[in-house]
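Chain by chain, the residues run as shown.
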Amino acid sequence: MKKINAAVRELGSTLHLMNSLDKKLVYLMLATSLLNAMNPYVLIIGNTQLLNAMVARRFNTAIRTAVVTYLLVIVVGLAALFIRQTMLISAARANEVLKIRIHEAWEQVDFATLESKEYFSTMNKSESSFRYSGGVRAFFAQLQQSLENVLEIITGISLLAWMVVYRITEQQTILYATIVVVVGLILLEAGLGWAYQHLTKQNIQIFAALMVLEKKMNYFLLEIVNTYSNIKSIKLWGMGDLIQTRYKAVWREEKKQNKTLVHIEYNSQIVAQLISSVAIVAIFTLVVYKMYLHLLPIGNINTLFAGVVQIASSVSLLVAAWQHLQRFQNQIQYVQQVFAISQPPRQTAASQPLPAASTPLVLQFDHVSFSYPNRGEVLHDVSFTLPFKGVTALVGENGSGKTTLVKLMLRLYTPTKGTIRLNGTNIQHIPLAEYTRLFSAVFQDYEVFDIPIDQNIASSTTIDQAKLAAIIQEWGLTDWIAHLPQGAQTPIGGFSGENFQPSGGQQQQIAIARAAYRDSRFQILDEPTASLDPIHELAVFSKIKRLSAHKPSLFITHRIGATTLADQVIMLQAGRIVAMGAADDLAKQSAYFQQLWESQAAMYNA
Ligand SMILES: Nc1ncnc2c1ncn2[C@@H]1O[C@H](COP(=O)(O)OP(=O)(O)OP(=O)(O)O)[C@@H](O)[C@H]1O
């Protein structure tokens, strides 16, 4: 029941979306279905009357019936054709309108609110869903076909049911035979209905799998062979076969899924034919038997034959149309998701202001745990207090959770358990943009963008030139920036055609300068010296110390020696805090600190 409710709700929301594209589409679809479903039965009933009149030798009535019937069929047929064509033309236009809306939704997405790259895969999927489902035109064509078939089946069954039930009580044998046939049919049809539903589910799953395969192919085409550094590695390391084999496997899988799809559609048709033919044979026998007993006029044999043929063909068409419609339903959800993400997030009533600029700030982790999706917990029940003052070093082995902890602090992720508070207020209740401005953070995977260097540093097109010059000077960027054709205004990368590619170390310097430029209250540096040479590394460490007099900082480091620059040290091991305090104290008290110190000292002495 829940599933049916969900399917009806989804269909309702798709119809709502379609209706917003063109209001007359739904009416055109209803009118076409109604007229098309009417026509076969006008013909069947007209022919039956004609036959009955001929058998009774009432020729004038027969001629009148024939003229009225065929005129009606022609008029209804032409009207249905005209309305259907109008519907398809409107649907084609609505399809373009929907595409434009999807692109507008992409345009409106506020990048700052996105949490993962999943959104971009939703964007891709919303495009592919069009290719796979055939778009608005296909949706209305299938919906109209389904509705028409349902109406035809209902009318056909009503006619047959009438013939079965008519004068049923006049003979005991026909009464019992009818009861037995109807009960048997209900049971059999329930079983066949279940089998059909199962096949439809498989059909939809294959389409979902095909979309995943498409995403993999896109990954290959857009992210692997479209990146020069990858092609370079493929050539240098002779990895062509290795990578290509992997993607040939995707093609193979796609071929396999398509074959299964053909198989399922074939089986669905068999089940559908069984659904209609078993019932038809049983009812046919009953009705012919009634005619033999003179309980029905012989002319009605036409209604019987034609009704049966009509139901059988409607069931077969409905099977195909229904499965298409279900696929469409399944895929249009990506479009709905894109629309949902492009809506501006609603401000919660519980939104709390930041503490006043002069108030000292304290961040408090209270029993915080975190798991990445599809992964076990990587941080376990972490509690500590971090005042925004002095220099804090966060130390731990690879994968111990240092970066994750900092990302939670910055609200790039939300804790799966526990709470992070700023001066007592849950940070989730503070408006995100205001909260984020408290920090300037540089990560290992720092990003510089295809815009001029000065805008990269200022994170804006409005630049305080004096401040910029001081920071460039202070952080040692002057040497190489001075040699560029447009100095600090030189754009980075190929987007602007300049194609200036800063080295890894230069990119990191830009990222650090960006952090220094921002008037934040706290500075976070994730492994700030990882790609710097020893001379720059030493300079950065001593500057962190100097700058921290004005701006409190937290830096993540593997270099245990660098902890001597910090006022306090937090040590993480396998997602738990194992020690916290001044470096001198930890050197005496923490076995883990001593162990790291000794292993690194041995490495430098060697
Ligand atoms: N996006 C992600 N999805 C799944 N697991 C992740 C993700 N990012 C990190 N992890 C895992 O979480 C654990 C902690 O990673 P994290 O990057 O926080 O460690 P770290 O201490 O900063 O490591 P390193 O010193 O190597 O940078 C690791 O086991 C890592 O593999």
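Residues numbered from 1 in each chain as written. Predicted model: local features only at pLDDT ≥ 70, side-chain atom pairs only at ≥ 80, totals over all residues. Heavy atoms only, no water.

Defined as follows: UniProt positions are given in the numbering used here, feature names are shortened, and annotations may be inferred rather than shown by experiment.
In the annotation of an unreviewed UniProt entry, the protein is listed under the name ABC transporter ATP-binding protein and assigned to Schleiferilactobacillus harbinensis. Under the UniProt heading Subcellular location (unreviewed entry), the note attached to the protein is "Cell membrane".

Quick look at the overall build of the protein
How we decide: Only DSSP runs of H or I with at least four residues qualify as helices, and only runs of E with at least two residues qualify as strands; both kinds are numbered from the N terminus onward. In this description the radius of gyration comes from C-alpha coordinates, and the expected globular size is given by 2.2 Å times residues to the power 0.38. Each residue's exposure class comes from its accessible area (1.4 Å probe, protein chains only) as a fraction of the maximum for that residue type: buried when under 20%, exposed when over 50%, partly exposed otherwise. Note on areas: Shrake-Rupley, 1.4 Å probe, and residue coverage restricted to the protein chains presented here. Just so you know, the count uses Lys and Arg for positive and Asp and Glu for negative, and it drops His and the chain ends. For the purpose of locating charges, the reference atoms are NZ of Lys, CZ of Arg, CG of Asp and CD of Glu.
Helix and strand counts for the protein come out as 18 helices and ten strands. For the protein, the C-alpha radius of gyration of 36 Å lies well beyond 25 Å, the compact-globule estimate for 606 residues. Put simply, the protein has 606 residues, and 42% of those count as buried. Split by element, the accessible area of the protein, about 32800 Å² in all, is 62% carbon and sulfur. Within the protein, the 41 negative side-chain charges are centred at a point lying 10 Å from the centre of the 50 positive side-chain charges.

So, the pairing of strand β10 (residues 576-581)
Applicable threshold: Any two strands between which DSSP finds at least two bridges are classified as paired.
Across five bridges, the pairing between strand β9 (residues 568-573) and β10 is antiparallel. Looking at β10, one finds that Val569 is bridged to Gly581. Taking the residues between adjacent antiparallel strands as the criterion, β9 and β10 are bridged by two residues, where Ala574 takes a positive phi near 45°.

Some details on the packing of helix α13 (residues 465-474) against helix α15 (residues 504-517)
Defined as follows: Only the stretch in contact is used when a helix axis is fitted, and all axes are lines through C-alpha atoms; the angle between N-to-C directions ranges over 0 to 180 degrees. Working definition: roughly parallel below 35 degrees, roughly antiparallel above 145 degrees, roughly perpendicular at 65 to 115 degrees, and oblique for all remaining angles. Handedness of a crossing follows from how the near helix is turned relative to the far one, being left-handed for an anticlockwise turn of less than a right angle and right-handed for a clockwise one. In what follows, residue pairs with any heavy atoms lying within 4.5 Å of each other are defined as contacts. Amino acids are sorted into nonpolar (Ala, Val, Leu, Ile, Met, Phe, Trp, Tyr, Cys and Pro), charged (Asp, Glu, Lys and Arg) and polar (every other residue, Gly among them).
Two numbers describe how α13 lies on α15: the axes approach to 10 Å, and their chain directions differ by 135°. Taken together, the axes of α13 and α15 are oblique relative to one another. Like other packed secondary-structure pairs, α13 and α15 cross with a definite hand, here right-handed. Residues Lys467, Leu468 and Ile471 of α13 form the contact with α15, whose participating residues are Ala513, Ala516 and Tyr517. Residue classes in the contact of α13 with α15 are distributed as five nonpolar, no polar and one charged.

Notes on the sheet that holds strand β5 (residues 425-426)
Strand order across the open sheet formed by four strands is β2-β1-β4-β5, with antiparallel pairing between neighbours. Across the chains shown, the open sheet's two edge strands, defined by having one partner strand only, are β2 (377-387) and β5. By the bridge criterion, five bridges tie strand β1 (residues 362-371) to strand β4 (residues 417-422) in an arrangement that is antiparallel. Note on β4: the bridge partner recorded for Gln364 is Arg421. Those strands touched by helix α10 (residues 402-409) are β1, β2 and β4, and its axis lies near 60° from that of β2.

A closer look at the packing of helix α2 (residues 24-55) against helix α5 (residues 135-165)
Two measures define how a pair of helices packs: the angle their axes make with one another and the distance between the axes. One can describe the packing of α2 onto α5 by two numbers: an axis separation of 8 Å at closest approach and a directional angle of 35°. The crossing of α2 and α5 is right-handed. For the pair α2 and α5, the contacting residues are Leu25, Val26, Met29, Leu30, Thr32, Ser33, Leu34, Asn36, Ala37, Pro40 and Tyr41 in the first and Val136, Phe140, Leu143, Gln144, Leu147, Glu148, Leu151, Glu152, Thr155, Gly156 and Leu159 in the second. Looking at the contact of α2 with α5, its residues break down into 14 nonpolar, six polar and two charged.

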